[in-house]
Amino acid sequence: MVTNRAAHLARTVTDAHHILAITFTNKAAAEMRERMQMLGAAEGMTVCTFHALCARLLRVYHDRFGVPRGFTIFDRDDRRKVIKKAIEACDLAADRWQPAMVDAEISRAKNDMLTAATFASQETDWRHATLARIYASYEELLTGMDGLDFDDLLMRVALVLQEDDELRDKLEDRYRYVLIDEYQDTNAAQYTIARLLTRERENLCATGDPDQSIYGWRGANIENILTFEHDYPGAKVVRLEQNYRSTKRILAAADALIAGNTQRKEKTLWTENDEGPPVRVVECEEGNDEASLIARAVTQEISRKTSPDEIAVFYRVNALSRGLEEAFIREGIRYQIAGGVEFYNRKEIKDVLAYLRVLVNPADEVSLLRIINAPPRGIGATTISRLVNKAHSTGRRVFDVLFSDEELAGVGRSSGKVRDFRQLLDKLKTVIDQPVSKALEHVISHSGLRAQYRSTSEADASPAANLDELVSAATAFHQEQPEATIVDWLEQTALISDIDGLDPEAAMVTLMTLHAAKGLEFSVVYIVGLEDGLLPFSRYDEETDEEEERRLLFVGITRAKKRVTLSRVRYRMQRGITERTVRSRFLDELPADQVEWSDDAPKKPKRRSPEVRGELPHDIAEWEVGTLVRHPIHGLGRVLAMHRGKKRTHVDVEFKDGSKRSWVLEFAKLERVDYDEVG
DNA sequence: AATATTCCCGTTTTT
DNA sequence: CGGGAATATT
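Residues numbered from 1 in each chain as written. Chains lettered and ligands numbered in written order. Predicted model: local features only at pLDDT ≥ 70, side-chain atom pairs only at ≥ 80, totals over all residues. Heavy atoms only, no water.

### Comments concerning the packing of helix α17 (residues 347-360) against helix α25 (residues 462-480)
The following threshold applies: As a rule, the C-alpha atoms of each element are fitted with a line to give its axis, helices using only the stretch in contact, and angles between N-to-C directions run from 0 to 180 degrees. Only DSSP runs of H or I reaching four residues or more are called helices, and only runs of E reaching two or more are called strands; each is numbered from the N terminus. Note on angle classes: values under 35 degrees are labelled roughly parallel, values over 145 roughly antiparallel, values of 65 to 115 roughly perpendicular, and the remainder oblique. Crossing handedness is defined as follows: a turn of the near helix away from the far one that is anticlockwise and smaller than a right angle gives a left-handed crossing, while the clockwise case is right-handed. Whether two residues are in contact is decided by their heavy atoms, any of which lying within 4.5 Å being enough.
Interhelical geometry of α17 versus α25 gives an angle of 45° and a closest axis separation of 9 Å. Taken together, α17 and α25 sit at an angle that is classed as oblique. As for the relative orientation of α17 and α25, their crossing is right-handed in sense. Contacts between α17 and α25 pair E348, I349 and V352 from the former with S462, P463, N466, L467 and L470 from the latter.

Rendered as structure tokens:
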């Protein structure tokens, strides 16, 4: 839709150079660029996400935006670390002011374009005031490191464009035609940027569906799309109520579900597609049953000539992917997974990137502290904290302390090691002008990281392999963009999203969260975990936006072209404990005539067979720590500890050969031995 | 200082 | 259950 319009504009109305197309993910941007190429209209067009656009603008016009030229983008982990420091700096208890909570609050503030100062000025109560203090401290630390977080990218651009008419005019002239996809998920900062860029010409083409707004939790404001006609009075509104993707029954089910939302503009979807089979709902006993049922269904689907890349499994939380993965491996199904164990989040990868980040931006203290002893080079916690204290007490950067001989003298015995490290950095400094792949190769071999991972790789070879893969990725990057610098590459890797790694062509089934599924389509879709508390998700301490949860399931169902299966489990294990569940209320909202229910109840009741109850030994009264016992296999032993639970008694035993074992006493083949028997 | 071990605690979702 | 952090051990 956006693609076709952009191509049309480029061919008939304007130079592609004047077109800005904003997508929701990098993957969508890449696909759009590709299709644009086929339409012969790609040259010079800007196609990217809001975050990528802002990063680029901040880089190019850094002086106008008031950010350091070589700023580093701090990801969630980096940001958490800085927030922790900020909380400490404010002398607050980390258990009362949890970094995760503070992080979310600051993020929310930034998405609403509230700077630390603005946030502080609207203080209402003590909690807000304290958050404002942390926020201010966080900003100070971040600024000191030449860092910007994800939310800064948007906020900074939005705020400056509001003030700087000259720059805005310049950008407006450059981007005369703006197209935005998934407009229903824009937050205040993104909305502001869009508005400011189209102030003069009002040339904005936005696509979106209020029923698919699922990012409210990160500041997305559904009002942005609802008020579009008011914001752009000249706009032509095209309503797409005909659906070309799904069967009649899938659509009917989705439609009935979303009708449960009260805050909504009525809309009836229709299609000329086939009726199709009913939506299936399956109820299983527990997670493993659900996972293997789906794996079997997928196998069957593939044997019926459905291409694996046309099959997807969605879930509300990433934690549910593990069981599915195991089942898929058992069944021998090839799959790819969005996010989860993200490549760029692995330790070895983050280590290498941290080297580059320090070389490019010496102020990046988070990265510096990460690599100062990685691989281990004899610089321990005490030395590090001395260096940090020295730096902070004199208002300098840790990096500079490393390079000051007089400061280093006061560090103690390990100052030699620190000198070695600084020499290493000095030697590596030259790589920043080389192509990324070369630079990476240099860093990996000279830092000792390769040696470290090679030596420890007997047990697990993947870290070394990941480093190789990183170099390959960088090589590919260099080939595609020979002009790009290391800073560009770091920026790109920082902005990579969960689904970017997925290959739509690969002959693999795709596993992902419902959020990641937005904008995609598959022939056959499975959605697991339709249980109260999971979908709709709820947390005891926070009220849930049930309507957004309903939209989330709506998005999931409407990804499917041919078949949809929803599943739930009667007992769900989470965090090691199994709990009885309640079926999702959403299942009951589906129209009965479009849905086929089935129960995958276990045929043979494996549990609760009465005879395996087990019994305590008749002389239990005599058992205590120190009691001698005999086991038919392990022989003579001594009771180390006994723990009487409500239903079971656990016992730890040490045997003559020194080995220790624990049993549930009711089932253990242990008998008590009297001293005189041993003789 | 480095490694081994235990402890602790889970903000769902993401750029 | 599982990762990361605090803590114990060498």
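Following the structure, the description resumes.
### Section: helix α15 (residues 287-303)
Inclusion rule: By this rule the span expected of a helix is its residue count minus one, scaled by 1.5 Å. Relative accessibility thresholds used throughout: buried, under 20% of the residue-type maximum; exposed, over 50%; partly exposed, between the two (1.4 Å probe, protein chains only).
The end-to-end C-alpha distance of α15 is 24 Å, a good match for the 24 Å that 17 residues give at a rise of 1.5 Å each. Within α15, burial applies to D289, E290, A291, S292, L293, I294, A295, A297, V298 and E301. Once α15 ends, the next one or two residues include K305, with phi positive near 75°.

### Focus on the side chain of R572
The criterion, for reference: Polar contact criterion, stated in full: a pair of N or O atoms within 3.5 Å, where within protein one must be able to donate a hydrogen and the other to accept it, and residues adjacent in sequence count only if both atoms are side-chain atoms.
Its location among the elements puts R572 in strand β12 (residues 560-574). On the basis of relative accessible area, R572 is assigned to the buried category, the value being 8%. Within polar-contact distance, the side chain of R572 engages the side chain of E290 at 3.1 Å. Side-chain polar atoms of R572 contact the side chain of E531, separated by 2.7 Å. Residue contacts for R572: discarding those within four places in its chain leaves G287, E290, L320, G529, E531, L534, I577, T578, E579 and T581.

### Topic: the protein's contact with DNA strand C
The criterion, for reference: For this purpose, a residue is taken to be near a molecule or strand whenever a single non-hydrogen atom of the residue falls within 4 Å of it. Under the grouping applied here, Gly and all other residues not named as nonpolar or charged are polar, the nonpolar ones being Ala, Val, Leu, Ile, Met, Phe, Trp, Tyr, Cys and Pro and the charged ones Asp, Glu, Lys and Arg.
Close to DNA strand C lie R322, K347, R575 and G576, which account for all nearby residues. Of everything in DNA strand C that lies within 4 Å of the protein, sugar and phosphate atoms constitute 42%. Class assignment for the residues of the surface near DNA strand C results in no nonpolar, 1 polar and 3 charged.

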